[in-house]
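Here are the chains, one letter per residue:
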Amino acid sequence: MIELEKVTKIYGQGEKRVVALADVSLQIKKGEIFGIIGLSGAGKSTLIRCINKLEEPQSGTIRLAGQEITNLKGKELREARRKIGMIFQHFNLLSSRTVYRNVAFPLEISGVKPKERDERVRSLLDLVGLSDKINAYPSELSGGQKQRVGIARALASNPEVLLCDEATSALDPDTTKSILRLLQDVNRRFGLTIVLITHQMEVIKEICDTVAVIDDGRIVEQGSVVELFARPRSAAARRFMKGVLHTEIPPEIQERMTAEGSRERPGKTVRISFIGGVAGKPIISSVIRQFQVDVNILYANLDFIKNMPFGSLIVEITGDEAKVERALEYLTAQGLKLEVLAGVGPDS
Ligand SMILES: Nc1ncnc2c1ncn2[C@@H]1O[C@H](COP(=O)(O)OP(=O)(O)OP(=O)(O)O)[C@@H](O)[C@H]1O
C-alpha cells in the first residue's frame, strides 16, 4: 500500500545540516496497522510528513497504492492526498466550529452536497461514539473526545490510509486504550491501513501488526511486532521494551540466585520466555512428571501483545544432573526460549 525506497531528507546546510531520514526503505501492506517507533528527534514526524507530501525528500521514492507520489503536483496531488487521512497529537480541531462542523469541514471543501454531507457526518459521529456532543465546541470536550472528533474528521473523505502522528501521546493511559480500540475497530471494519508514529512501546504492543524502529534517521529494525518482542535485535528496540515487558529480574530474585546455600540439590536457575500458544499448555507439570525433577517458580510475568500471550518465568529446576539437562532440552523443543541464569551444583 505504501512503499518507501531509500528516502533521504536533509534539513539545512553547512553547520546546520541535519540528516532527518537516511536511506529509509519501508513496505506497508494494505489493511495493516504499522507502527514506527523512535525517540524524540529520530525522524518520525519527517517520515510521516514525507508520506503525505508535506515534506519533499532530496532522494528516494514514495509510492502510495502503486502510484509514485514524489513528483505529483496540482490536481493529481490533491487526488492522492484524498486517499490519506491524518490525526495529530494535539488534535488540530477548529475551535470556532462545533463538533459537527469540524467533521463536515473536509466534506465542504471537497464539495459534497448538504444532504449527503449531513448523513455522513452523523454516521461518523455515531461510529466514534460522539452523537451526543454534536453541537459542542472543542473547548467543551475531553482530550479523548477531541481525538474522536479528529478521527471522524480524518475518515470523512473515505481515506485508504490513516496517518497517526503521536495520536495518543497527550492522553492518559485509559483514554489511550479507548482511542487505540477505536483505531483497531476502524481498521477492521473498513480495511483501513493505519500508520502510527509513537515513542510509546505500549501503543505498538497494543495494536500494531508490524513495527519499524527508527533511530537517528535510520530504520534499525523492522518486522512483526511479535517477532520484535520475542527477539529484539537492535539496541534501540531493547531500550524501548525495557519498561514495557518487566523482563528485568527483580532484586529479591537476584539476591536469592547469588545467595549461598539457596539451592540444596544440583540444578539450574533458568529464565523461560514464551509467546503464543504454549502459554495454554501444562508444560511445567509435564517436565516434573517426565523427568522426575523439581521445579520451583521464583518469578512469573504474563503479558499480552495484541491478544497474544507473552511471558517469562524464572524457575529453579533441581534433581539428577542428567535429568535436569533433558528437562531443559525438552523445554527448548517446545518452542520456549531458555536462558540459564545460574547453576549446576548445589550451592554450599
Ligand atoms: N523544519 C526543520 N528544519 C530543520 N531541522 C528540522 C526540521 N524539522 C525537523 N528537523 C530536525 O530533523 C530531525 C528529525 O526531526 P523529527 O521532527 O522528524 O523527529 P521526531 O522523531 O518526530 O521527534 P519528536 O518525537 O520530538 O517530534 C531532528 O534533528 C530535528 O531537529
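Reading guide: rules and limits
Residues numbered from 1 in each chain as written. Predicted model: local features only at pLDDT ≥ 70, side-chain atom pairs only at ≥ 80, totals over all residues. Heavy atoms only, no water. Core = buried A, V, L, I, M, F, W, Y, C linked by side-chain atoms within 4.5 Å. Buried < 20%, exposed > 50% of the residue type's maximum accessible area, 1.4 Å probe, protein only. Contact = heavy atoms within 4.5 Å. Helix = DSSP H or I, 4+ residues; strand = E, 2+ residues; numbered from the N terminus. Pairing = 2+ DSSP bridges. Axes fitted to C-alpha atoms, helices over the stretch in contact; angles between N-to-C directions. 1 Å grid on protein atoms, 1.4 Å probe; cavity = no way out; pocket = protein on both sides within 12 Å on 5 of 7 lines; lining within 4 Å. Points joined across faces, edges and corners; volume = space filled by probe spheres on them. Nonpolar A, V, L, I, M, F, W, Y, C, P; charged D, E, K, R; others polar.

**So, the nonpolar core**
Leu125, Leu183, Ile194 and Met201 are the most contacted members of the largest nonpolar core, which totals 55 residues. Ignoring sequence-local partners within four residues, the contact set of Ile194 consists of Glu32, Ile33, Phe34, Leu162, Cys164, Leu183, Val186 and Asn187. Leu26, Ile28, Ile48 and Val161 belong to the second-largest nonpolar core, a separate cluster that totals 29 residues.

**Section: helix 1 (residues 44-51)**
The buried fraction of helix 1 amounts to six of the eight residues, a majority that puts the element mostly inside the structure. For helix 1, the full list of buried residues reads Lys44, Thr46, Leu47, Ile48, Cys50 and Ile51. Two residues or fewer past helix 1, Lys53 is found with a positive phi of approximately 65°.

**Some details on the sheet that holds strand 1 (residues 2-11)**
Strands sit in the order 2-1-4-5 across an open sheet of four strands; the sheet is antiparallel. Strands at the two margins of the open sheet, each flanked by one partner only, are strand 2 (18-28) and strand 5 (67-68). One ladder, built from five bridges, connects strand 1 with strand 4 (residues 59-64); its direction is antiparallel. Along strand 4, the bridge assignment pairs Ile2 with Leu64. Seen against the sheet, helix 1 touches strand 1, strand 2 and strand 4 and runs at an angle of roughly 60° to strand 2.

**Re empty space enclosed by the protein**
Scanning the entire structure with this criterion turns up three cavities of 30 Å³ or more. What lines the largest cavity is Cys164, Glu166, Ala167, Thr168, Ser169, Leu180, Leu183, Leu196, Ile197, Thr198, Gln200 and Val203. Every element with two or more residues in the lining of the largest cavity is listed here: helix 6 (173-190) and strand 8 (193-198). It is strand 8 that provides the largest number of residues to the lining of the largest cavity, a total of three residues. Each residue belonging to the lining of the largest cavity can be placed in one class, and the counts come to seven nonpolar, four polar and one charged. The space that makes up the second largest cavity amounts to roughly 40 Å³. Lining the second largest cavity, in full, are Ile51, Asn52, Lys53, Leu64, Ile69, Leu77, Ala80, Arg81 and Ile84. Looking at the lining of the second largest cavity element by element, the count peaks at three residues for helix 2 (residues 74-82). In terms of residue class, the lining of the second largest cavity is made up of six nonpolar, one polar and two charged.

**Let's talk about the layout of surface pockets**
Here the largest pocket is characterised by a volume of approximately 710 Å³. Lining the largest pocket are 17 residues, and of these Arg81, Ile84, Gly85, Pro106 and Ser157 sit closest to its centre. Among the elements of the structure, helix 2, strand 6 (84-88), helix 3 (99-109) and helix 5 (143-155) are those that each provide at least two residues to the lining of the largest pocket. Considering each element in turn, the lining of the largest pocket owes the most residues, four residues, to strand 6.

These figures come from the coordinates and say nothing about function on their own.
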